[in-house]
Each structure stands twice: as C-alpha cells, then as structure tokens.
Amino acid sequence: MTLIWRHLLRPLCLVTSAPRILEMHPFLSLGTSWTSVTKLSLHTKPRMPPCDFMPERYQSLGYNRVLEIHKEHLSPVVTAYFQKPLLLHQGHMEWLFDAEGNRYLDFFSGIVTVSVGHCHPGAYHGCSPYTLGLTNVGTYKMELPGGTGCQPTMCPDVFRGPWGGSHCRDSPVQTIRKCSCAPDCCQAKDQYIEQFKDTLSTSVAKSIAGFFAEPIQGVNGVVQYPKGFLKEAFELVRARGGVCIADEVQTGFGRLGSHFWGFQTHDVLPDIVTMAKGIGNGFPMAAVITTPEIAKSLAKRLQHFNTFGGNPMACAIGSAVLEVIKEENLQENSQEVGTYMLLKFAKLRDEFEIVGDVRGKGLMIGIEMVQDKISCRPLPREEVNQIHEDCKHMGLLVGRGSIFSQTFRIAPSMCITKPEVDFAVEVFHSALTQHMERRAK
C-alpha cells in the first residue's frame, strides 16, 4: 500500500511501484499420446484427472536452441522458476502442454492472468489459439519503487505482522494465532489503524493526493488485511483530501467468489479502480475506471492521452471474456471450488509443521512455508525450491510470492473443478511428505 501526497505548487507525479538439460526430439507421428510427467522415485505419483483435449504436435525449435536464444537476447533479469525451465507449447482451459508431451494442471494462470481458461473457445475474436493464453511461468521480482512523494505504509498482515488473531480475515480459513476479540470487534485492525494514523501524522504532508491498495496483496503472498481496516483507511485518506485507488489487477472479475470486485469485500467504493490481467484472459490489456469528476479533471491536462486506448481488438476480447464469466457462472464457481480448496489446504497446515499459514478467498490462495510454527521464520529458499520442483514433476504448476519467496500462490483459471483440486492437494501432500523425509535424513 502506498500513500502519495501533494507538494505545494508542484505537479503530482505518480510512481509505480541437480540441473539437467535434455535435447528435444520430434514426435514420430501425430497420434503420439500426451502423458503426465516423469514418475518420482520416493512415492507413487498422484493420478492426474483426465483431459479430452489433444494438442498439436510440437514441430519448432529444439529445447537447447530455445535456451540459447533466451540467454543471448533476453535480459538476465527474466529468470525461470525451475531448474529445467518449461517449454510450453499449447494450452487448453486449465491444462498446459509442453514440447515433450507432458501435461500440467496450471494453478497460477500466467501470474493470475488467464481468468476463464487457456485458449477458451468463446473468449477470443479472431485470435490464434496457439499464440494467446499460454501461461508465463517466469518470476516477477524487482526492487521496491521509491521516489519523492511516495510513502509505503505498514502492511497489516495478521499472520506475520505484529498484530493478528483467529477472527481477523474475510476467509474460511483463519490464522493459528489466538486472540480475545469479540465476534464484531478486531483488536488487530484497531492497532494497524493507529499505526496508519501515525504514518499520516509523521511521514506525509497534511494534504494527501492518493492512496493505493490491493484488496488482497498478490505478489506479497496473498496477504489479507483485518476486516474493516481498508474502510477506515479510506476514510482517513479522504479526510485529508486524498483519492482512494483500488488495484484490482489480480482480485477483480469474480476471482474472489463472493463479489465481482475485491473492494466490495471491504465495503468500500474507490475513487479510481485499476484492472488488467483477467480482463483479457491472456491478451495484453488493462483499464482504469474513475468518477465523472476525476475524469473531467483530466481534460485540463493537454498531454493526457493513451496511444492504444480503446482499440477494437482489445475491446472485443474484453467483452467476450466478460460474457464467458457471466454465461459459465465462473464467479459462482470461484466461490464454491475456492472454498472447497481452501479447506482442503488448511488440513495440510494442520498436518505439516512447515505449513505456517493458508489464506485467501475464492480462487486466490496463499500457502506460506515456515521452518516451524513457533518462530514462523520463512522456510529457506532452497527447501521451498525443492518442494516447488517436486510439484512440477508431478504435473502441478503453482506460483511463488512474499519477500523471501516462501509463499506458494494458488490462482487457477476460474473454470477449475473439484476433482482437479483433489489432484492438486494430493500433489502438495506428496511433495511435503517427501520434503519431511529428506529433512529426517
């Protein structure tokens, strides 16, 4: 969350914040079967749910040649999640296929981008199903933005922050921290609000330009605030003349299940809403929604324009995605299947000492890995990496988040089903069991 304040007589500037490489071989015939990934040695691999889609045969560059091109031409900042990066070839709904013929259940959706399914037959108008909607499984890490006029505030994280309890979150799953709050009261919320007031009093000017907040923090590890925090924070910002901006890039378009927009879960109405990712189901597009009053103020700035704004292809694709979300009841599916999945993952937290927290809402879930539940210190990156690799080997793709990359981020396409959730939970259980066995040795 970031506060932006005004400087007198100055324009406002917004600041954004053991490896092995295999050579590829062409398939012998178009009828080659597509299989799940290589079997692990420690345990029997969970059985992958069926898929009636048969992808095209991969007939392009060899795997090593793709790696060479990547190394030669792309920025070294663009790194892969896995020791052996995936060469994804084609996608269909919640499934991905790589160039070797392996099938994966995609539980990260291109960093929460593919909302209604890879290459959904009804979500595109005149676009190639082979080039749109394939997941990007690279990491997305950068230094925190800084600059004059921007002030970060304390993240009201009820699991890792200084205050939190067992009734704080708008989620079917709460933290393991105990509290003595009454059902309609949250002491953690009150304490985080006091800290927020302190930031307003000591760290920013009296006149605030704006306040940015995600309804649920995505890249930071699916962090949920105490109930009522955002509503009071908005009131404090507006009392100082600021506008409130909700970042719905990851939480919007029905992903949270109970509401179409994340800000609705906090009972607030922002002045500006930013949205992207799920709006295009993989097509690069975004939108900004605001009030008539703020929109009119932009007309006073002669240089305010958008080169690609309102282009017909993007509008057609965005409209089609919205139609699919409505016609296929994907928001309702997010609520039902997401709650089912949260409760399933919560059982893993109860079983394994290294699963510190399970949190989220709908189909936006975080699983935070710790060394133990008493200290809650992050599980070392190399250990999290191995669990991540084991999940991939069993056919499950998930994301990562939090400062130390210790949180698994779960955000599948909203067409996901309960049998596929069962498979994902079984994979996680197997990967965690293998990790604990490695620890014991």
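## As for the nonpolar core
By size, the foremost hydrophobic cluster in this structure holds 79 residues, and its most contacted members are Phe107, Phe211, Ile367 and Met369. Of the residues forming this core, the biggest block, eight residues, is contributed by helix 9 (residues 418-440). Those residues within four positions of phenylalanine 211 in sequence are excluded, and the remaining contacts are Met1, Thr2, Leu3, Phe196, Leu230, Ala233, Phe234, Val237, Val243, Cys244 and Ile245. Ranked by size, the runner-up nonpolar core spans 11 residues in total, among them Leu88, Leu96, Val112 and Ala411.

## Looking at the sheet that holds strand 13 (residues 399-401)
Taken together, the four strands give an open sheet; going across it, the order is 10-11-14-13, and neighbouring strands pair in antiparallel fashion. Looking at strand neighbours, the two that pair on one side only are strand 10 (355-361) and strand 13, the edges of this open sheet. Between one strand axis and the next, the sheet turns by 25 degrees as a mean value, whatever way the strands run. Pairing of strand 13 with strand 14 (residues 407-410) involves three bridges; the strand directions are antiparallel. Within strand 14, the position partnered with glycine 401 by the bridge is threonine 407. Helix-sheet contacts for helix 7 (residues 330-351) involve strand 10, strand 11 (364-369) and strand 14, and the interaxial angle to strand 10 is about 170 degrees. This element, helix 8 (residues 381-393), spans strand 11, strand 13 and strand 14 of the sheet and lies at about 160 degrees to strand 13.

## Describing the pairing of strand 8 (residues 272-275)
As paired elements, strand 7 (residues 243-247) and strand 8 share three bridges and run parallel to each other. Across the sheet, isoleucine 245 pairs through a bridge with isoleucine 272, a residue of strand 8. Where strand 8 and strand 9 (residues 287-290) come together, four bridges link them in antiparallel fashion. From the neighbouring strand, threonine 274 faces strand 9, where its bridge partner is valine 288.

## Observations concerning the confidence of the model for the protein
When pLDDT is averaged along the protein, the result is 84; 84% of the residues meet or exceed 70. Scored below 50 in pLDDT, residues 6-41 shows 73 contacts in the model against residues more than four places distant or in partner chains. For residues 124-147, every residue scores under 50 in pLDDT, and the model assigns this stretch 52 contacts once sequence neighbours within four places are set aside.

## A few points about the packing of aromatic side chains
Each aromatic ring pair is specified by the distance between its two centres and by the angle formed by the two planes. Tallied over the entire structure, the rule returns 12 aromatic pairs. Taking the centre distance of 6.5 Å and the plane angle of 5 degrees together, the rings of tryptophan 261 and phenylalanine 263 count as stacked. Judged on exposure class, the residue tryptophan 261 and its partner phenylalanine 263 are both buried. Chaining the aromatic ring pairs together yields one cluster made of Phe196, Phe211, Tyr225, Phe229 and Phe234. Across from the ring centre of tyrosine 340, 5.1 Å away, lies the NZ or CZ of lysine 418, which sits over that ring.

## Things to note about the packing of helix 7 against helix 9
Interaxial distance between helix 7 and helix 9 falls to 10 Å at its minimum, and their mutual angle equals 15 degrees. The angle between helix 7 and helix 9 places the two elements in the roughly parallel class. Judged by the twist between their axes, the crossing of helix 7 over helix 9 is right-handed. For the pair formed by helix 7 and helix 9, the contact residues are Glu336, Val337, Tyr340, Met341, Lys344, Phe345, Leu348 and Glu351 on the first element and Lys418, Val421, Asp422, Val425, Phe428, His429 and Leu432 on the second. In terms of residue class, the contact of helix 7 with helix 9 is made up of nine nonpolar, one polar and five charged.

## A closer look at unusual backbone geometry
Phi is positive for valine 112, which is not a glycine, with a value near 60 degrees. Even without being glycine, asparagine 281 reaches a positive phi, approximately 55 degrees. You can see asparagine 281 is positioned in the loop between strand 8 and strand 9.

## Topic: the packing of helix 3 (residues 187-202) against helix 4 (residues 229-239)
Viewed as axis vectors pointing N to C, helix 3 and helix 4 meet at an angle of 25 degrees, and their least axial separation amounts to 10 Å. Taken as axis vectors, helix 3 and helix 4 run roughly parallel relative to one another. Every pair of crossing elements has a handedness; the one defined by helix 3 and helix 4 is right-handed. Along its contact with helix 3, which presents Lys189, Tyr192, Ile193, Phe196, Lys197 and Leu200, the element helix 4 presents Phe229, Glu232, Ala233, Leu236 and Val237. When its residues are assigned to classes, the contact of helix 3 with helix 4 shows eight nonpolar, no polar and three charged.

How each quantity is defined
Residues numbered from 1 in each chain as written. Predicted model: local features only at pLDDT ≥ 70, side-chain atom pairs only at ≥ 80, totals over all residues. Heavy atoms only, no water. Core = buried A, V, L, I, M, F, W, Y, C linked by side-chain atoms within 4.5 Å. Buried < 20%, exposed > 50% of the residue type's maximum accessible area, 1.4 Å probe, protein only. Helix = DSSP H or I, 4+ residues; strand = E, 2+ residues; numbered from the N terminus. Contact = heavy atoms within 4.5 Å. Pairing = 2+ DSSP bridges. Axes fitted to C-alpha atoms, helices over the stretch in contact; angles between N-to-C directions. pLDDT = per-residue confidence, 0-100. Phe/Tyr/Trp six-rings, centres within 6.5 Å; stacked < 30°, edge-to-face > 60°. Lys NZ or Arg CZ within 6 Å of the ring centre and 35° of its normal. Parallel < 35°, antiparallel > 145°, perpendicular 65-115°, else oblique. Left-handed = near helix turned anticlockwise from the far one by under 90°. Nonpolar A, V, L, I, M, F, W, Y, C, P; charged D, E, K, R; others polar.

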